[in-house]
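One-letter residues, chain by chain:
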Amino acid sequence: MLRDVVRSLAEAKIAPFAAAVDEEARFPQEALDALVANDLHAVHVPEEYGGAGADALATVIVIEEVARACVSSSLIPAVNKLGSLPVILSGSEDLKKKYLSPLAKGDAMFSYCLSEPEAGSDAAGMKTKAVRDGDHWILNGVKRWITNAGVSEYYTVMAVTDPTKRSKGISAFVVEKSDPGVSFGAPEKKLGIKGSPTREVYFDNVRIPADRMIGEEGTGFATAMATLDHTRITIAAQALGVAQGAFDYAKGYVQERKQFGRPIADFQGIQFMLADMAMKIEAARQLTYAAAAKSERGDSDLTFQGAAAKCFASDVAMEVTTDAVQLLGGYGYTRDYPVERMMRDAKITQIYEGTNQVQRIVMARNLP
Ligand SMILES: Cc1cc2nc3c(=O)[nH]c(=O)nc-3n(C[C@H](O)[C@H](O)[C@H](O)COP(=O)(O)OP(=O)(O)OC[C@H]3O[C@@H](n4cnc5c(N)ncnc54)[C@H](O)[C@@H]3O)c2cc1C
């Protein structure tokens with residue numbers, strides 16, 4: 001039922017704007033409005049904080065179905081989970097009440113600030129600092145590649161509180177867009193997900209109350225990594241969605257397109273491509289849903305399974321979207337058809353929330 005509801009909504013209210021959002025590299029406001037109106041913008045927020053209380057699998061299905069129509073728009077529910085999960089996992093009751101309710105209502109979005117210009121795969125090498133000043137902390141530094149920066153009201157920010165301890169000297173904080181000293185860089189000009197704003201976030205002597213720290217001092221990096229264990233599965237969901245979208249489009253196209261006097265779908269060379277695409281998508285789906293169930297239960301092998309799902313599904317998305325372009329021939333290579341956009345959008349799923357090389361490092365360290 002959930003899938004049907006989200007698919008109908010995405011087809012009616014999100015897909016019609018996907019090409020324009022990409023072409024104009026603009027925020028998918030129509031998608032945000034439709035998701036908020038249907039309470040699908042942050043479904044993971046527990047009911048006690050006014051949310052829909054969706055479990056990890058339901059959240060994955062929402063993201064998958066939105067990504068099937070428009071990957072940029074799927075960053076809305078995905079990043080709302082990424083940004084707020086540190087608060088849900090490790091925040092005080094007061095922080096949860098204060099920040100999750102506006103998120104659930106659709107009054108505010110949440111971003112996640114881990115990466116920096118010089119600290120990507122090696123996130124623990126971050127330089128952003130927080131220094132204690134009485135009952136406040138003062139933040140200084142630069143975060144890079146922050147999804148929905150400037151649009152989100154709230155930011156989970158990882159910062160060094162003890163430079164002698166590397167990852168154990170990092171703490172997490174909630175920073176608000178309106179806190180004095182917070183500003184944003186120009187939007188990055190990207191290959192894909194052009195509708196999702198990606199910007200630098202600058203912290204210039206940002207003074208925030210001490211109770212905005214998420215969890216204990218020195219636990220921020222552990223919280224950031226625990227968050228990714230759960231949210232990498234949402235990237236797998238995006239990958240799955242865009243692969244399904246490209247497959248569905250290509251499957252329809254080959255039945256219409258005629259060459260040599262018959263639909264190209266009659267050729268076995270085409271049929272075998274479609275069979276391989278469908279097989280890979282289904283394998284990615286099973287891995288992703290199984291990982292979502294593990295996320296919900298908090299199983300001990302979640303770290304391996306989440307990384308495996310993200311890595312596998314994103315590689316499948318890149319293969320399937322590339323094959324979809326191939327199936328449309330020259331038409332697939334133009335912006336008159338959606339598969340070109342889908343191929344560009346799929347690429348990011350192999351890069352963010354840890355590149356697929358990093359996923360392999362994570363899997364190797366947590367082998368079953
Ligand atoms: C559109 C977009 C949105 C993003 N959104 C966010 C966000 O909201 N919040 C956030 O915090 N971050 C975000 N990121 C950052 C993203 O997670 C990083 O770009 C990613 O982790 C890679 O870091 P890097 O770009 O510095 O690459 P690098 O770490 O410099 O990596 C370069 C290459 O080296 C490889 N590599 C690095 N180390 C190793 C190793 N040990 N072994 C093998 N290969 C290695 C990488 O796999 C990659 O191929 C976003 C990025 C993009 C592009």
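This structure is a prediction, so every number in the text was calculated from the model and none was measured.

Colleague: Break down the overall build of the protein for me, citing the residues and quoting the values.
Modeller: Counting its regular elements, the protein contains eleven helices and ten strands. The globule rule puts the C-alpha radius of gyration for 368 residues at 21 Å, and the 21 Å found for the protein is close to it. Across its three principal axes, the protein shows a C-alpha extent of roughly 80 × 45 × 40 Å. Here the protein, with 368 residues, has 54% of them falling under the buried criterion. Within the structure as shown, the protein displays about 15,600 Å² of accessible surface, and the carbon and sulfur contribution to it stands at 53%. Between the centroid of the 41 positive side chains of the protein and the centroid of its 47 negative side chains there is a distance of 4 Å.

Colleague: Please give an account of helix α6 (residues 220-256) that cites residues and values.
Modeller: Look at α6: 54 Å from first C-alpha to last across 37 residues, which is about the 54 Å you get at 1.5 Å a residue. Its axis deflected by about 40° at aspartate 229, α6 carries its strongest bend there. Along α6, 28 of the 37 residues are buried, which leaves the element largely enclosed by surrounding structure.

Colleague: Go over a negative patch on the surface, please, and point to the residues and values.
Modeller: Judged by side-chain charge, Glu47, Glu48, Glu93, Asp94, Asp135 and Asp211 come together as a negatively charged surface patch. By the secondary structure assignment, glutamate 48 is in the loop between α2 (29-37) and α3 (56-69).

Colleague: Could you give me a rundown of unusual backbone geometry, with the residues and numbers involved?
Modeller: Of note in the backbone geometry, aspartate 39 takes a positive phi value of approximately 60° without being a glycine. Its place among the elements puts aspartate 39 in the loop between α2 and α3. A relative accessible area of 38% means that aspartate 39 is categorised as partly exposed. Unusually for a residue other than glycine, phenylalanine 260 sits at a positive phi of about 55°. When you line up the elements, phenylalanine 260 lands in the loop between β9 (258-259) and β10 (262-263).

Colleague: Before we move on, could you go through the layout of surface pockets and cite the residues and values that matter?
Modeller: Roughly 1,200 Å³ of volume is contained in the largest pocket. The wall of the largest pocket is formed by 41 residues, among which Ser115, Ile351, Tyr352, Glu353 and Gly354 lie closest to the centre. Going through the elements one at a time, α4 (71-90), β3 (136-147), α6, α10 (339-347) and α11 (356-365) are the ones with two or more residues in the lining of the largest pocket. No other element matches α6, which puts six residues into the lining of the largest pocket. Of the residues contributing to the lining of the largest pocket, the split by class is 21 nonpolar, ten polar and ten charged. In this structure, the second largest pocket encloses a volume near 330 Å³. As for the second largest pocket, its lining consists of 20 residues, of which Ala15, Ala69, Pro338, Arg341 and Met342 are closest to the centre.

Colleague: I'd like a rundown of the pairing of strand β4 (residues 154-160), residues and numbers included.
Modeller: With respect to burial, β4 is a largely interior element, seven of its seven residues being buried. Residues Tyr154, Thr156, Met158 and Val160 line one face of β4 and the alternating positions Tyr155, Val157 and Ala159 line the opposite face, and both faces are buried. Of the pairings in the sheet, the one linking strand β1 (residues 110-113) to β4 comprises four bridges and is parallel in character. By the bridge assignment, serine 111 is partnered in β4 with tyrosine 155.

Colleague: Now, about the nonpolar core: what can you tell me, with residues and values included?
Modeller: Val254, Leu274, Met277, Ile281, Val320, Leu327 and Val339 are the most contacted members of the largest nonpolar core, which totals 48 residues. When contributions to this core are tallied by element, the ones reaching two or more residues are α3, α4, α6, α7 (268-297), α8 (302-327) and α10. In terms of residues, this core owes the most to one element, α6, which gives 13 residues. If sequence neighbours within four positions are ignored, methionine 277 has contacts with Phe247, Val320, Asp323, Ala324 and Leu327. Core analysis: the second largest hydrophobic core is formed by 28 residues, Ala42, Leu82, Phe110 and Met126 among them.

Colleague: Lay out the pairing of β3 with the relevant residues and their values.
Modeller: In this sheet, β3 lies alongside strand β2 (residues 129-133) in antiparallel orientation, the contact comprising five bridges. What sits directly across from aspartate 133, in β3, is histidine 136. With antiparallel pairing between neighbouring strands as the criterion, β2 and β3 make up a hairpin whose turn holds two residues, including glycine 134 at a positive phi of roughly 65°.

Colleague: Tell me about the side chain of threonine 231, residues and numbers included.
Modeller: Take threonine 231: it is sitting in helix α6. Judged by its relative accessible area of 0%, threonine 231 is buried. With residues up to four places along the chain from it excluded, the contact list for threonine 231 reads Lys81, Leu82, Leu85 and Glu353.

Colleague: Could you give an account of the site of the ligand, naming the residues involved and the relevant values?
Modeller: In the vicinity of the ligand, 18 residues are found, and the nearest of them are Ser115, Ser121, Trp145, Thr147 and Thr355. Computed on the free molecule, the ligand has an accessible area of 980 Å², of which 65% lies beneath the protein chains in the complex. Placement of the ligand is best described as lying within the largest pocket. Mapped by element, the contributors of at least two residues to the shell around the ligand are β3 and α11. The greatest single-element share of the shell around the ligand, amounting to three residues, is contributed by β3. Broken down by class, the residue content of the shell around the ligand amounts to nine nonpolar, seven polar and two charged.

Scoring rules and cut-offs
Here, residues in each chain are numbered from 1, in the same order as that chain's written sequence. Local features in this predicted model are restricted to residues of pLDDT 70 or higher, and side-chain atom pairs are both shown and tallied only at a pLDDT of 80 or more, whereas totals for entire chains, interfaces and linings draw on every residue. Side-chain numbers here rest on the full set of heavy atoms in the structure, without hydrogens or water. Runs of H or I in DSSP of at least four residues are treated as helices and runs of E of at least two as strands, each being numbered from the N terminus. The globule rule is 2.2 Å times the number of residues to the power 0.38, and the radius of gyration it is compared with is taken over C-alpha atoms. Note on classification: 1.4 Å probe, protein chains only; a residue is buried when its accessible area is under 20% of the maximum for its type, exposed when over 50%, partly exposed between these limits. Using the Shrake-Rupley algorithm and a 1.4 Å probe, accessible areas are obtained, with residue cover drawn only from the displayed protein chains. In this tally, Asp and Glu contribute negative charge and Lys and Arg positive charge; neither His nor the terminal groups of the chain are included. A charged residue contributes its charge at one atom only: NZ of Lys, CZ of Arg, CG of Asp or CD of Glu. Between the first and last residue of a helix there are one fewer steps than residues, each counted as 1.5 Å, and that sum is the expected span. Axes are fitted to the seven residues ending at a residue and to the seven starting at it; the angle between these axes is taken as the bend at that residue. A residue counts toward a patch only above 30% relative accessible area and without a salt bridge, and it is joined to like-charged neighbours within 9 Å or, for Val, Leu, Ile, Met, Phe, Trp and Tyr, to nonpolar neighbours within 5 Å. When a carboxyl oxygen of Asp or Glu lies within 4 Å of a side-chain nitrogen of Lys or Arg, that pair is called a salt bridge. In this analysis a 1.4 Å probe is tested at points of a 1 Å grid over the protein atoms alone, and where it fits but cannot get out there is a cavity; an open set with protein on both sides within 12 Å along at least five of seven lines is a pocket; lining residues have an atom within 4 Å of a point. Grid points are joined across faces, edges and corners, and a volume is the space filled by probe spheres set on the points. Throughout, the ten residues Ala, Val, Leu, Ile, Met, Phe, Trp, Tyr, Cys and Pro are labelled nonpolar, Asp, Glu, Lys and Arg are labelled charged, and all others, Gly among them, are labelled polar. Two strands are counted as paired when DSSP detects at least two bridges linking them. By convention a nonpolar core is built from buried Ala, Val, Leu, Ile, Met, Phe, Trp, Tyr and Cys residues, the set being connected through side-chain atoms within 4.5 Å. It only takes one pair of heavy atoms within 4.5 Å for two residues to be counted as in contact. Proximity criterion: a residue is near a molecule or strand once any of its heavy atoms comes within 4 Å of it. The way we define it, a molecule is inside a pocket or cavity when more than half of its atoms are within 2 Å of that pocket's grid points.

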